[in-house]
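Structural features, examined
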Amino acid sequence: MKIFLDTANVNEIKEGVALGVVDGVTTNPSLAAKEKKPFRPLVEEICSIVPGDVSLEVVATDFEGMMREGRHWAELHKNIVVKCPCTWEGLKATRALTNEGHRVNMTLVFSPTQALLAAKAGAKFVSPFVGRLDDIATPGMELVADIVQILDNYDYDCEVLAASLRHPMHVVEAARVGAHIGTMPYAVFQSLVKHPLTDIGLKKFLEDWEKAKKEMGAKAAP
């Protein structure tokens, strides 16, 4: 499973990419607004850091607006994937942008039927939102599993990008059900590395090593 960071923070992206395991980035208008920077220079900087795909979301809700914004962002850098919401107009824009050779990530997907239509419209990625479904007592990961199976049944050239992953178990479950990509906040990404037994084990190894060095030093002394 590929790992994406769901952020527009340049420092977080640099740290994640430096680790060598981050494959791409997803952003949205809310994340970009938090950075309080001019958007185009921010996007250009992100694309210069990330080795893989960078999803940028349109803010228009009409077909013409989505097309205008989608073309603009897609032409800015080869790694940019245009994010369109799963609406009537968004599906139309997805088909049109795809026909022009641009890659689309259909976002805000909350049902298998939405994902099926997105794939049929030519979306390269479909993004079911796990955490937001969990918030309303609906099992979000079941949706991911359903979409993976449906797209696999018909061999669509469309990857399942599990979004709104809130904690490490979401990441584990997404990998288990076969999501092609998991995107997560930087804090969740950091938590994937951590385990208390790793810390305890490392502390014990270092203590034993220091003890051994002292004993060897004492034996060597005249």
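Now for a look at the structure at hand. (Residues numbered from 1 in each chain as written. Predicted model: local features only at pLDDT ≥ 70, side-chain atom pairs only at ≥ 80, totals over all residues. Heavy atoms only, no water.)

Describing the overall build of the protein chain
- Check the secondary structure of the protein chain and you find eleven helices and eight strands.
- What you see for the protein chain is a C-alpha radius of gyration of 22 Å, clearly larger than the 17 Å of a compact globule of 222 residues, by over 25%.
- The 222 residues of the protein chain split such that 45% are buried.
- Of the roughly 11,900 Å² of accessible surface on the protein chain, 58% is carried by carbon and sulfur atoms.
- In the protein chain, which carries 25 positive and 29 negative side-chain charges, the distance between the mean positions of the two groups comes to 5 Å. (Helix = DSSP H or I, 4+ residues; strand = E, 2+ residues; numbered from the N terminus. Rg over C-alpha atoms; globule rule 2.2 N^0.38 Å. Buried < 20%, exposed > 50% of the residue type's maximum accessible area, 1.4 Å probe, protein only. Areas by Shrake-Rupley, 256 points an atom, 1.4 Å probe, with all protein chains shown as cover. Lys, Arg positive; Asp, Glu negative; His and termini not counted. Charge placed at Lys NZ, Arg CZ, Asp CG, Glu CD.)

Let's talk about helix α4 (residues 63–74)
- Over its twelve residues, α4 runs 16 Å from end to end, which matches the ideal 16 Å to within 8%, given 1.5 Å per residue.
- Of the residues making up α4, those classed as buried are G65, M66, M67, E69, G70, W73 and A74.
- Of the surrounding elements, those touching the buried residues of α4 are α3 (39–49), β3 (54–57), β4 (80–85) and α5 (88–99). (Expected span 1.5 Å × (residues − 1). Contact = heavy atoms within 4.5 Å.)

A closer look at the sheet that holds strand β2 (residues 24–26)
- Here we have eight strands rolled up into a closed barrel, ordered β1-β2-β3-β4-β5-β6-β7-β8, and parallel in their pairing. Taken pair by pair, the neighbouring strands of this sheet meet at an average axis angle of 30 degrees, ignoring direction.
- Across two bridges, strand β7 (residues 159–162) lies against strand β8 (residues 181–184) in parallel orientation. Each residue of the ladder has a partner; that of A162, found in β8, is G182. (Pairing = 2+ DSSP bridges. Axes fitted to C-alpha atoms, helices over the stretch in contact; angles between N-to-C directions.)

Structural notes on the environment of V171
- On the secondary structure map, V171 appears in helix α9 (residues 168–177).
- C-alpha of V171 to C-alpha of F189: the two residues are 18 residues apart in sequence and 9.1 Å apart in space.
- Excluding residues within four positions of it along the chain, V171 makes contact with M1, L165, M184, V188 and L192.

Focus: the packing of helix α6 (residues 112–120) against helix α8 (residues 140–153)
- α8 packs onto α6 with a crossing angle of 35 degrees between their chain directions and a minimal axis gap of 9 Å. Here α6 and α8 pass one another in a crossing that is right-handed. On the side of α6, the interface is formed by P112, A115, L116 and A119, while α8 contributes L143, D146, I147, I150 and L151.
- Of the residues in the contact of α6 with α8, the class split is eight nonpolar, no polar and one charged. (Left-handed = near helix turned anticlockwise from the far one by under 90°. Nonpolar A, V, L, I, M, F, W, Y, C, P; charged D, E, K, R; others polar.)

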